[in-house]
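Listed below are the residues making up each chain.
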Amino acid sequence: MSFFFLYIFIVLVFWRPQEWLIPWLFGIPLLQGITYMAMLAMMMEYQTGKLKLNFKEPQYFLFGGLFFAGCMSHISWGYFAGLMASWQALFRLTFFGILLFGCTNSVSHLRWIARAFVVMAILMAIHGILQISQGYGFAGHQPIMSWRPNVSYLVPRARFFGIFGDPNDMGQFLVAAMPLTLVMFKKRRMLQVVIAAGIIAFLYRGFTTTLSRGSLIGLAASAGIAVVMLIFKKKFLYGLGFGLLGALLFIPFSGRFLGDAWERVNLWGDANYAWRTRPIFGVGLFMIRDYTFESKAVHNAYVSCYAEIGAFGFFFWFSLIFVAALGLVQTRIALRNATHSEGKYLYDFSMWGLASLAGFAASAFFLSRAFIFPLYFLTAMMGAVPYLAKSYVPEGEVHKLGFSIKETVILGIPISLMAISYVYVSIVVLNMQR
């Protein structure tokens, strides 16, 4: 029952029917009600033994720690009003991350969640294509007009509803959904591959209506991951390593390619300054706009995150992404010779899931959406993969999958600090190129 409510929640978060299809629902706390129902169902299933939660798995620690860190970002400097304004939103993000991770206890659940992502992406793509082709989409919803200095006129950019009301957010989600089309089906046959390829082409068409340059970076990263893992099946780690190193070396010196996006670099610098004022616990969750020029969005999830919740909170946030990505790599290696149909499915899922997560994470460097549902859905879903894979590897190799909390802390602290240092220095170098 908890997975049922969870699935409804995922669909409603993406579909947003109360904002265009059933307008009389708008204002009714529908998502909050489903949250409480899912919470009750989860507790009942846990008490009766139907739902087994292994709290030694690090995702529970990371999601719980992230919620605590978000609260501490306000408590640390006594801003009670900020705490009251933000804790509920953060609670829903982390609670449904925990619920999704805990309820994804079968390969079938994993497949159904991937399907939800793809179907909702198709809906967004239809909406975007309608907006650009006829000037309006569902419920008469119009695209936004965005000024492009390189062509010196306004251009229409498609958008969806709610948390996807910005073209960049819609584009980022479409990028993350594209690889998941290849794991919608239980078996990989020629017909399914052809259908998936057609869906990807359609989603790409919808993606182009957003004109999102940040999401385009994510698409390149996603495609790069897939190509490397397809070509270098046995030595893909070397390809991924060189690709990551090349990307990290390129970013600090990419100023000449930014064009009219230099304003974002200034905003990144504002966020860096804000972080220096409160480096441990941050300036406060959802408060970074108080520190940026004209209260504009930072357009970088990483610097926005460590500026708002500090190095302490960034450890939990970044470790969720890092642990999920590394778990997919572990699964890819462990199931290389899988013979069970579900094991083969997880082997494929590990590649396309990593491509999806990489696309979202890469585009996040240019989009400041660190606290939105799709990211937490992705990290929870991908984080569950290595634990599902344990059922399909020899008993002596089970220990090679997943992480303990101790291992997560030992790896996560230095890596998250290195990530902060890299992002901080990259922004400084970019600002020096002006």
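Residues numbered from 1 in each chain as written. Predicted model: local features only at pLDDT ≥ 70, side-chain atom pairs only at ≥ 80, totals over all residues. Heavy atoms only, no water.

A.B. asks: When you look at the overall build of the chain in this model, what are you seeing that I'm missing?
C.D. replies: For the chain, the count of helices and strands is 14 helices and two strands. Principal axes of the C-alpha set define a box for the chain whose edges measure 60 × 50 × 50 Å. For the chain, buried positions account for 54% of its 434 residues. Put simply, 76% of the contacts in the chain that link residues at least 6 apart link residues at least 24 apart. Counting every atom, the chain has about 19200 Å² of accessible surface; 67% of that belongs to carbon and sulfur. Here the chain contributes 33 positively and 16 negatively charged side chains, and the mean placements of these two sets differ by 8 Å. (Helix = DSSP H or I, 4+ residues; strand = E, 2+ residues; numbered from the N terminus. Buried < 20%, exposed > 50% of the residue type's maximum accessible area, 1.4 Å probe, protein only. Contact = heavy atoms within 4.5 Å. Areas by Shrake-Rupley, 256 points an atom, 1.4 Å probe, with all protein chains shown as cover. Lys, Arg positive; Asp, Glu negative; His and termini not counted. Charge placed at Lys NZ, Arg CZ, Asp CG, Glu CD.)

A.B. asks: Hey, could you run me through the environment of Pro-394 in this one?
C.D. replies: Structurally, Pro-394 can be placed in the loop between α13 (373-389) and α14 (405-432). Between the C-alpha atoms of Pro-394 and Leu-335, which are 59 residues apart in sequence, the distance is 9.8 Å.

A.B. asks: It is not clear to me how a nonpolar patch on the surface should be interpreted in this structure. Could you clarify?
C.D. replies: A grouping of Met-145, Trp-147, Tyr-153 and Leu-154 is seen on the molecular surface, where their side chains present a nonpolar patch of about 460 Å² in accessible area. When contributions to the nonpolar patch are tallied by element, the ones reaching two or more residues are β1 (144-148) and β2 (153-157). (Patch = residues over 30% accessible without salt bridge, like charges linked within 9 Å, V, L, I, M, F, W, Y side chains within 5 Å. Salt bridge = Lys/Arg side-chain N within 4 Å of Asp/Glu carboxyl O.)

A.B. asks: Is there a simple way to think about the side chain of Asn-300 in this case?
C.D. replies: Inspection of the secondary structure puts Asn-300 in the loop between α10 (262-277) and α11 (301-334). Within polar-contact distance, the side chain of Asn-300 engages the backbone nitrogen of Val-303 at 3.1 Å. Residues contacting Asn-300, with those up to four places away along its chain left out, are Trp-268, Ala-364, Phe-365, Phe-366, Leu-367 and Ser-368. (Polar contact = N/O pair within 3.5 Å; in protein donor to acceptor, adjacent residues only side chain to side chain.)

A.B. asks: What's the story with the pattern of salt bridges in this structure? I'm lost.
C.D. replies: Side-chain pairing between opposite charges can occur once the charged atoms of the two side chains come close. Applying the stated criterion to the full structure yields three salt bridges. Of the charged contacts in the structure, one is a salt bridge between Arg-369 and Asp-169, with a shortest N-O distance of 3.2 Å. Residue Arg-369 is located in the loop between α12 (341-363) and α13, and its partner Asp-169 is located in helix α6 (residues 167-177); the two are separated by 200 residues in the primary sequence. Here Glu-294 ties to Lys-296 by a salt bridge, and the two come within 3.6 Å at their closest N and O atoms. The class for Lys-296 is partly exposed, based on a relative accessible area of 27%.

A.B. asks: So what exactly am I meant to see when it comes to helix α1 (residues 2-15) here?
C.D. replies: An α-helical segment advances 3.6 residues per turn. Residues three or four places apart therefore align on the same side. The end-to-end C-alpha separation of α1 is 20 Å, in line with the 20 Å expected for 14 residues at 1.5 Å each. In terms of burial, α1 is largely enclosed, as 11 of its 14 residues are buried. Listed in full, the buried residues belonging to α1 are Ser-2, Phe-3, Phe-5, Leu-6, Tyr-7, Phe-9, Ile-10, Val-11, Leu-12, Val-13 and Phe-14. Where α1 is buried, its residues touch α2 (30-48), α4 (80-103), α5 (107-134), α6 and α13. With its phi angle positive at about 55°, Arg-16 sits one or two positions after the end of α1. (Expected span 1.5 Å × (residues − 1).)

A.B. asks: Would you mind going over the environment of Pro-279 with me for this structure?
C.D. replies: Along the chain, Pro-279 turns up in the loop between α10 and α11. Between the alpha carbons of Pro-279 and Glu-308 there is a distance of 9.2 Å; along the sequence they are 29 residues apart.

A.B. asks: I would appreciate a short explanation of the packing of aromatic side chains in the present structure.
C.D. replies: Aromatic ring pairs are reported here in terms of the distance separating the ring centres and the angle at which the planes meet. Across all of its chains, the model carries 44 aromatic pairs by this definition. Taken together, a centroid distance of 5.6 Å and an interplanar angle of 65° make the contact between Phe-4 and Phe-5 edge-to-face. Its relative accessible area of 48% is what places Phe-4 among the partly exposed residues. Aromatic side chains Phe-315 and Phe-316 sit 4.8 Å apart centroid to centroid with 65° between the ring planes, which places their arrangement in the edge-to-face category. Both residues of the pair, Phe-315 and Phe-316, belong to the buried class. Each residue in the set Phe-9, Phe-14, Phe-67, Trp-87, Phe-91, Phe-95, Phe-96, Phe-117, Phe-164, Phe-173, Phe-373 and Phe-377 is aromatic and connected to the rest through ring pairs, giving one cluster. Over the ring of Tyr-345 we find Arg-111, and its NZ or CZ is 4.7 Å from the ring centre. Against the face of Tyr-347 rests Arg-332, its NZ or CZ located 3.8 Å from the ring centre. (Phe/Tyr/Trp six-rings, centres within 6.5 Å; stacked < 30°, edge-to-face > 60°. Lys NZ or Arg CZ within 6 Å of the ring centre and 35° of its normal.)

A.B. asks: Sorry if this is basic, but what is going on with the state of the cysteines here?
C.D. replies: Structurally, a disulfide amounts to a covalent bond that connects the sulfur atoms of two cysteines. Scanning all chains against the criterion turns up zero disulfides. The thiol of Cys-305 is not disulfide-bonded; the next cysteine sulfur, from Cys-71, is found 14 Å away. A relative accessible area of 0% places Cys-305 in the buried class. (Disulfide = S-S within 2.5 Å.)

A.B. asks: Would you explain unusual backbone geometry in this entry?
C.D. replies: What is expected of a backbone is that most residues other than glycine have negative phi and most peptide bonds are trans. Look at Ala-139: it is not a glycine, yet its phi comes out positive at around 55°. In this fold, Ala-139 is placed in the loop between α5 and β1. Look at Ala-139 and you get exposed, because its relative accessible area is 60%. If you check the backbone angles, Leu-211 has positive phi at about 50° while not being a glycine. Accessibility expressed as a relative area gives 36% for Leu-211, which makes it partly exposed.

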